[in-house]
Amino acid sequence: MSVLPLVFTSGWASGINAYAVVLLFGIFGATGLTDEVPESLQRTDVLVTAGVLFLCEAVADKIPYVDSAWDTAHTVIRPVAGAVVAALLAGESGSLPELAAGAVGGSTALMSHLVKAGTRMAVNTSPEPFSNIGVSVAEDLGVAGIITFAVFNPVAAAVVAGVLLLLGLLTLVFLASRIRRFLRRRARRREERRPAGAGRHRPHE
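Now for a description of the structure that goes with this document. (Residues numbered from 1 in each chain as written. Predicted model: local features only at pLDDT ≥ 70, side-chain atom pairs only at ≥ 80, totals over all residues. Heavy atoms only, no water.)

Digging into the overall build of the chain
Then, in step 1: Along the chain, the regular secondary structure elements total eight helices and zero strands.
Then, in step 2: For the chain, the α and β elements follow one another from N to C terminus as α-α-α-α-α-α-α-α.
Then, in step 3: Out of the 205 residues in the chain, the part that is buried amounts to 43%. (Helix = DSSP H or I, 4+ residues; strand = E, 2+ residues; numbered from the N terminus. Buried < 20%, exposed > 50% of the residue type's maximum accessible area, 1.4 Å probe, protein only.)

So, in structure tokens, the structure goes:
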């Protein structure tokens, strides 16, 4: 139970940027700022891989439509990463607390990922690209801030993460019409890119 606030916060952050979560936890653990981070997250190969993927996400996340494609590809990756990080934070391999932590981290990551992906769809209905950059920077700073806060005050950070998740879900409901508009526009673009006659059936002879 003592690690549950940190697990919840890491799950919320993983749904937004899983690579940043792994990278930050690894750095904090390796530099001795916290004893809560397991050795497996502090390994050099893990830190390098997380750093490279974080840079890739930092670029893709700021380009209209590319960000939504990136989110679609990470629909499974982010919840799985949230579950793995949460389980590692709980420790005691194979124990009930580890399994419970994985479930909390994974489900929280899935919800925050859906909020992020849905919000980006709504943002992509705007014709200018600057809103994507602004939202992406805000997300990156939010993840960095909340993970850093969680290392020193996990309970307060979990409360903040819970409030942000609730506000995100409410915002998603409010933006539902814009999200539907984005999906219709994307379907129309796919239809336009389809070769002429590709969807037609040949008449029976």
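Quick word on unusual backbone geometry
Then, in step 1: The residue Y65 is not glycine, and still its phi comes out positive at about 75°.
Then, in step 2: By secondary structure assignment, the location of Y65 is in the loop between helix 2 (44-60) and helix 3 (66-73).

Some details on the nonpolar core
Then, in step 1: Ranked by size, the top nonpolar core spans 30 residues in total, and within it W12, A13, V21, F25, L89, V143 and I147 carry the most contacts.
Then, in step 2: For this core, the leading source of residues is helix 1 (residues 4-30), giving 12 residues.
Then, in step 3: Not counting the four nearest positions on each side in its chain, V143 is found in contact with A13, I16, N17, A20, V21 and L24.
Then, in step 4: One finds M121, L175, I179 and F182 within the second-largest nonpolar core, a separate group that totals seven residues. (Core = buried A, V, L, I, M, F, W, Y, C linked by side-chain atoms within 4.5 Å. Contact = heavy atoms within 4.5 Å.)

A word on helix 1
Then, in step 1: Between its first and last C-alpha, helix 1 extends only 22 Å over 27 residues, short of the 39 Å set by a 1.5 Å rise per residue.
Then, in step 2: The largest bend in helix 1 is about 125°, located at N17.
Then, in step 3: Buried residues dominate helix 1, accounting for 23 of its 27 residues. (Expected span 1.5 Å × (residues − 1). Bend = angle between axes of the 7 residues up to and from the residue.)

Structural notes on a positive patch on the surface
Then, in step 1: On the surface, R178, R180, R181, R184 and R188 cluster together to form a positively charged patch.
Then, in step 2: Structurally, R188 can be placed in helix 8 (residues 176-193). (Patch = residues over 30% accessible without salt bridge, like charges linked within 9 Å, V, L, I, M, F, W, Y side chains within 5 Å. Areas by Shrake-Rupley, 256 points an atom, 1.4 Å probe, with all protein chains shown as cover. Salt bridge = Lys/Arg side-chain N within 4 Å of Asp/Glu carboxyl O. Lys, Arg positive; Asp, Glu negative; His and termini not counted. Charge placed at Lys NZ, Arg CZ, Asp CG, Glu CD.)

Quick notes on the environment of P79
Then, in step 1: Among the structural elements, P79 can be located in helix 4 (residues 77-90).
Then, in step 2: Once residues within four sequence positions are removed from consideration, P79 is found in contact with H74, G106, A109 and L110.

Quick word on the pattern of salt bridges
Where charged atoms of side chains with opposite charge meet at close range, the side chains can pair.
Then, in step 1: The final tally for this structure, using the stated rule, is nine salt bridges.
Then, in step 2: R120 is the partner of E139 in a salt bridge, and the nearest nitrogen-oxygen pair spans 2.9 Å. A residue pair is termed long-range when its members are at least 10 positions apart, and E139 in helix 6 (residues 130-152) and R120 in helix 5 (residues 96-123) qualify at 19 residues.
Then, in step 3: Of the residues examined, E139 reaches a relative accessible area of 13% and is grouped as buried.
Then, in step 4: Each of D61, D67, K116, R120 and E139 takes part in salt bridges that share partners, so that together they form one network.

Here's the deal with the environment of S10
Then, in step 1: If you trace the backbone, S10 turns up in helix 1.
Then, in step 2: Between the C-alpha atom of S10 and that of A157, which follows or precedes it by 147 residues, the distance is 9.8 Å.

Description of the layout of surface pockets
Then, in step 1: The computed volume of the largest pocket comes to approximately 320 Å³.
Then, in step 2: Looking at the largest pocket, it is lined by 16 residues, and the ones nearest its centre are W12, I16, V115, L164 and G168.
Then, in step 3: Listed by contribution, the elements that provide at least two residues to the lining of the largest pocket are helix 1, helix 5, helix 6 and helix 7 (154-174). (1 Å grid on protein atoms, 1.4 Å probe; cavity = no way out; pocket = protein on both sides within 12 Å on 5 of 7 lines; lining within 4 Å. Points joined across faces, edges and corners; volume = space filled by probe spheres on them.)

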